[in-house]
Amino acid sequence: MPAAQAQTPVLDLCPQATWTRGFNIGEFIPINPSQYWQSEVMTATPLRRSYGYEGEVVSTLSAGARLTIRGEVWDAGCNQWMAVEINGSRQFVHGHALRKL
């Protein structure tokens, strides 16, 4: 995980993230399985092993690819990284690359 894992509440840095109350920067925010949602990749974008721009790129997702969102993480730059499970492992996509279906 990136070094910005200090115990800083997401809301202190990213007030637009009103649903993150109680979670810290760099902390995984899970979604209840009954509330997983589908999204579509808007433009080709990297799929990363961990959240953040420093996360190792596993592959590139093509525009139109559909994903099931299972959670999110916010970094110290107020970037939202959406968690998906691919081949049994959690991976991350920048939230701006996705459109909720």
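Every chain begins its residue count from 1, and numbering advances along the sequence as written. Thresholds applied to this predicted model are a pLDDT of at least 70 for local features of residues and 80 or more for the giving and counting of side-chain atom pairs; totals over whole chains, interfaces and linings are not thresholded and use all residues. Side-chain numbers here rest on the full set of heavy atoms in the structure, without hydrogens or water.

## A closer look at the overall build of the protein chain
Then comes step 1: Scanning the protein chain from N- to C-terminus turns up one helix and nine strands.
Then comes step 2: Helix numbers and strand numbers start at the N terminus; a helix is a DSSP run of H or I with at least 4 residues, a strand a run of E with at least 2. What you see in the protein chain, going N to C, is helices and strands ordered as α-β-β-β-β-β-β-β-β-β.
Then comes step 3: Taken against the 2.2 N^0.38 rule, which gives 13 Å for 101 residues, the C-alpha radius of gyration of the protein chain at 13 Å falls within 12% of a compact globule.
Then comes step 4: When the backbone C-alpha atoms are referred to their principal axes, the protein chain occupies close to 35 × 30 × 25 Å.
Then comes step 5: For every residue, the accessible area obtained with a 1.4 Å probe (protein chains only) is divided by the maximum for its type, and the residue is called buried under 20%, exposed over 50%, and partly exposed between those limits. Here the protein chain, with 101 residues, has 41% of them falling under the buried criterion.
Then comes step 6: Residue contacts are defined here by distance: any two heavy atoms, one from each residue, within 4.5 Å place the two residues in contact. The long-range share in the protein chain, meaning contacts at least 24 apart out of those at least 6 apart in sequence, stands at 51%.
Then comes step 7: Areas reported as accessible are Shrake-Rupley estimates using a 1.4 Å probe. Residue values count occlusion only from the protein chains shown. Surface summary for the protein chain: the accessible area is close to 5700 Å², and the carbon and sulfur share equals 50%. We compute the radius of gyration from the C-alpha atoms alone; for a globule the expected value is 2.2 Å times N to the 0.38, where N is the number of residues.

## A closer look at the pairing of strand S8 (residues 89-94)
Side-chain positions along a regular strand alternate between the two faces of the sheet.
Then comes step 1: One requirement defines pairing of two strands: DSSP has to find at least two bridges between them. Across six bridges, the pairing between strand S7 (residues 80-86) and S8 is antiparallel. Looking at S8, one finds that Glu85 is bridged to Arg90.

## As for the sheet that holds strand S5 (residues 66-69)
Then comes step 1: In space, the three strands of this open sheet follow the order S5-S2-S9, with antiparallel pairing throughout. Two strands lie at the open edges of the sheet, namely S5 and strand S9 (98-100), each paired on one side alone. Across the sheet, the axes of successive neighbouring strands diverge by a mean angle of 40 degrees, strand direction being ignored.
Then comes step 2: In this sheet, S9 lies alongside strand S2 (residues 37-41) in antiparallel orientation, the contact comprising three bridges. From the neighbouring strand, Glu40 faces S9, where its bridge partner is Arg99. Every angle, taken between N-to-C directions, lies between 0 and 180 degrees, and every axis is a line fitted to C-alpha atoms, over only the stretch in contact when it is a helix.

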